[in-house]
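Per-entry structural report
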Amino acid sequence: MRGVKMSEILSFWKGDERGNCFSKCENDFSICVPIATQLLHATGVATAFKLRKQKRVVVTSCGDGATSEGDFYEALNIAGVWQLPVVFVINNNQWAISLPLDAQTHAKTLAQKAIAAGISGEQVDGNDVVAVKFVVDRAIAKARVGNGPSVIEALTYRLGDHTTADDANGYRSQDKYGEVLQQAWKEEPLLRLRRYLFEKKYWSEAEEEQLKKRYHATIEMAVAEYLALPKPTITDLFDYHYATLPADLSEQRIEAEALFRLHEIGKE
């Protein structure tokens, strides 16, 4: 949607930080792994927009678990105080890794957490693509004309594991959550949008098959592009932290490069 190349995303998730240097969208921040820190970054950028009198808006997202972090409240508070052009989207999938929502907050909704910051908050059906787009577009338009920030809580449900290192069966048993998962699959947003498009005659099986073939080729090209990237060098560890490398790190850089070259010679 934003123009980030698939090969860049593949590169990042293989541990290559060059994947965060998005070639086609300089205004997008890199993939953020720490929890909730991106919300403060968003308020910083929104402050810059306001000081420069630019009619621009920052959109940032987080999970339900992030709303339990101090950074979340700090970001909402300053956004409210300074009436910043920022939209906070909460992806409430009911689970902060293994912790269910009712074990991390006593608030009836996450959207109402915006009240304490003096900004607007609302819920939306996070499984309805059309509804989410409508609500987010409206919040962006509101912020763009100087009417302040918004919090949007998109209600959905996490269908699988949290990460590839997670096994949801360990804390989300079929006995207790089986029916919930079955119902959640019926509301899965892509399948739901597909049903809607078919019902309205906006989409067909033939068009879907063409799309699958086209994107299969697109994915294969992206994988090939990623695999063709030259490997990072050992000196990358040193080259992007300082304008002028301190003397001690400069010495370490020389030593690391020499050891790396010896290793490569040994492989030959």
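What this report covers is the structure whose coordinates are included nearby.

**Here we look at helix H3 (residues 70-81)**
A rise of 1.5 Å per residue sets the reference length of H3, with its 12 residues, at 16 Å; its end C-alpha atoms lie 17 Å apart and thus fit the reference within 8%. Of the residues making up H3, those classed as buried are Asp71, Phe72, Ala75, Leu76, Ala79 and Gly80. All buried residues of H3 fall inside an arc of 160° around its axis, so they share one side. Among the structural elements, helix H2 (37-51), strand S2 (86-92) and strand S6 (150-155) are those in contact with the buried residues of H3.

**A closer look at the pattern of salt bridges**
Overall, the coordinates contain 16 salt bridges when judged by the stated rule. A salt bridge links Glu208 to Lys212; the shortest N-O distance between them is 3.8 Å. With Glu208 and Lys212 both in helix H7 (residues 205-227), this residue pair falls four residues apart, about one helical turn. By relative accessible area, which is 11% here, Glu208 ends up buried. Among the ionic pairs, Arg253 bridges to Asp239, the shortest N-O distance being 2.7 Å. In this pair, Arg253 is assigned in helix H9 (residues 247-267) and Asp239 in helix H8 (residues 236-239), connecting sequence segments 14 residues apart. Looking at Asp239, the relative accessible area reads 30%, which means it is partly exposed. What you see here is one network of salt bridges that share partners, running through Arg194, Glu205, Glu208, Glu209 and Lys212.

Criteria and thresholds
- Residues numbered from 1 in each chain as written.
- Predicted model: local features only at pLDDT ≥ 70, side-chain atom pairs only at ≥ 80, totals over all residues.
- Heavy atoms only, no water.
- Helix = DSSP H or I, 4+ residues; strand = E, 2+ residues; numbered from the N terminus.
- Expected span 1.5 Å × (residues − 1).
- Buried < 20%, exposed > 50% of the residue type's maximum accessible area, 1.4 Å probe, protein only.
- Arc of directions from axis to C-beta.
- Contact = heavy atoms within 4.5 Å.
- Salt bridge = Lys/Arg side-chain N within 4 Å of Asp/Glu carboxyl O.

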